[in-house]
Amino acid sequence: MLFLSTPLNNLPCNISSDKYLIGSEDKLELSMNITNEGEDAYEAALYVHLPQHVSYIKTEMIGTNPSEMVSVLCSPPTLENDFVLKCDLGNPMMAFSMTSLKILLKPNINDGNSAMPIQIKLAANSSNPELTTSLDDNQVDLNIPVYVETDFVIRGLSDPDP
């Protein structure tokens, strides 16, 4: 049984920003724990469905004791795989283990007309059978609002009519 959670607040995923500024150079950081609370999970993987305008930078392991570190291999999102980042979490991902990841992303939104929220879908899965009643904690939908900020100054001289 795999599920996604955050270390501190039992929400599915921590995001570095609750909204994103169009034209910003800031990166989005998604931090999460993937926990196996059952038997060894074979072909365990994390799938991150990204919009086309969000670039994948890298995935980092966080807060893991080097002696307990498992190899996490991520395949970058491409047009051929429908912009899905796939991270293999171990084969098997050991029973009652947890993997903590941080995924760095860079939205490429420079057009104020495309101020739609950034929608990211995360799902953890393995080839082990799982009860349908416990599948809800395996996936998370994120909506990150996008906003525009401008500095607007008007300067001029008055030219009154005589």
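The paragraphs below set out a description of the structure included in this document.

Here is what the cut-offs are and how they apply
- Residues numbered from 1 in each chain as written.
- Predicted model: local features only at pLDDT ≥ 70, side-chain atom pairs only at ≥ 80, totals over all residues.
- Heavy atoms only, no water.
- Pairing = 2+ DSSP bridges.
- Helix = DSSP H or I, 4+ residues; strand = E, 2+ residues; numbered from the N terminus.
- Axes fitted to C-alpha atoms, helices over the stretch in contact; angles between N-to-C directions.
- Buried < 20%, exposed > 50% of the residue type's maximum accessible area, 1.4 Å probe, protein only.
- Phe/Tyr/Trp six-rings, centres within 6.5 Å; stacked < 30°, edge-to-face > 60°.
- Lys NZ or Arg CZ within 6 Å of the ring centre and 35° of its normal.

**Section: the sheet that holds strand β5 (residues 44-49)**
Then, in step 1: The five strands are arranged β7-β8-β5-β10-β11 in an open sheet whose pairing can be described as antiparallel. Each edge of the open sheet is held by one strand with a lone partner, namely β7 (73-75) and β11 (139-144). Sheet twist, expressed as the mean angle between neighbouring strand axes with direction ignored, is 15°.
Then, in step 2: With three bridges joining them, β7 and strand β8 (residues 84-90) adopt antiparallel strand pairing. Residue pairing for β8: Ser75 is matched across the bridge by Lys86.

**Let's talk about the pairing of β8**
Then, in step 1: Counting buried residues along β8, five of its seven residues qualify, which places the element largely inside the surrounding structure.
Then, in step 2: Where β5 lies against β8, six bridges are found, and the strand directions are antiparallel. Counterpart to Tyr47 in the pairing with β8 is Lys86.

**Comments concerning unusual backbone geometry**
Then, in step 1: Cis geometry marks the peptide bond from Asn91 to Pro92; its omega dihedral reads 5°.
Then, in step 2: Relative to the helices and strands, Pro92 is located in the loop between β8 and β9 (97-107).
Then, in step 3: Within the chain, Asp82 stands out as a residue other than glycine whose phi angle is a positive 60°.
Then, in step 4: Using a relative accessible area of 61% as the deciding quantity, one classes Asp82 as exposed.

**Regarding the packing of aromatic side chains**
Geometrically, a pair of aromatic rings is defined through the distance of the ring centres and the angle of the planes.
Then, in step 1: Summed over all chains, the structure comprises zero aromatic pairs.
Then, in step 2: Note that Lys19 overlies the ring of Tyr147, its terminal NZ or CZ placed 4.8 Å from the centroid.

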